[in-house]
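# An overview of the molecular structure
Here's the letter readout for the chains.
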Amino acid sequence: MTELLQRGNIIKIKKGMKVYANIPEKFVFSNRPLSGELHCKTVEVGKIYKISKEFKEEYVTGVKKDEVERLRERNFNVTEEQIENLLKQTAPSLESEEYDASILEGEYIVVKTENSDGGTGMRSHDIYSDGWRVFAKKMKDGKIDSEGIEVSFYQTGAFTAMIPPETIEIIGDIFG
């Protein structure tokens, strides 16, 4: 077995690898198409995540109808037009958007490793062992970028963001 990554290793994250990264919610949750709030999810490096204008408009139309009904149930006299105006004032752009996960490609420095996050499934005999988790920070001009992108992934265990030891190359080490 190839060695597990250690703190200080410099690695290259490539297209097709799966990592945990912060991505705007609208690209990963169908019930949050207007949210720009970041959420740590499994992301495929190099994939383009899209949300269409039509989907956003359909969502806003549904919200509008739900809100009118809810307010009328509480004896508020409100029109769909008033709700639509409110949504237009508070909602971000309804244009199509995309998140290009190729920004995650590049050189990273391993900043932390740990054996963690095992547990049990639905039944007591569904036991999932801990996995070797790697936390890495993207580099810029050969140096760690303190404002840069952070990713994490597992090298062992049963997790959605896995990069097995034999599929990732150590291209350097800050300690040696």
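The text that follows walks through the structure, step by step, so that each part is easy to find. (Residues numbered from 1 in each chain as written. Predicted model: local features only at pLDDT ≥ 70, side-chain atom pairs only at ≥ 80, totals over all residues. Heavy atoms only, no water.)

With respect to the element layout, lysine 137 can be found in strand E9 (residues 131–140). A distance of 3.3 Å separates a polar atom in the side chain of lysine 137 from the backbone oxygen of serine 146. Excluding residues that lie within four positions of it along the chain, lysine 137 makes contacts with Glu107, Tyr108, Ile109, Val111, Ile144, Asp145, Ser146, Glu147, Gly148, Ile149 and Glu150. (Helix = DSSP H or I, 4+ residues; strand = E, 2+ residues; numbered from the N terminus. Polar contact = N/O pair within 3.5 Å; in protein donor to acceptor, adjacent residues only side chain to side chain. Contact = heavy atoms within 4.5 Å.)

Under the defined criterion, the tally for this structure stands at three salt bridges. Among the ionic pairs, lysine 137 bridges to glutamate 150, the shortest N-O distance being 3.2 Å. Pair noted here: lysine 137 is in strand E9 and glutamate 150 is in strand E11 (residues 150–154), with a separation of 13 residues, a long-range link. The class of lysine 137 is buried, set by a relative accessible area of 11%. (Salt bridge = Lys/Arg side-chain N within 4 Å of Asp/Glu carboxyl O. Buried < 20%, exposed > 50% of the residue type's maximum accessible area, 1.4 Å probe, protein only.)

The subject of this paragraph is the layout of surface pockets. Considering only enclosed or pocket space, the largest pocket measures out at about 180 Å³ in volume. What lines the largest pocket is a set of 14 residues, among which Tyr20, Ala21, Asn22, Glu150 and Val151 lie closest to the centre. When residues of the lining of the largest pocket are traced back to their parent elements, those giving at least two are strand E2 (18–24), E9 and E11. (1 Å grid on protein atoms, 1.4 Å probe; cavity = no way out; pocket = protein on both sides within 12 Å on 5 of 7 lines; lining within 4 Å. Points joined across faces, edges and corners; volume = space filled by probe spheres on them.)

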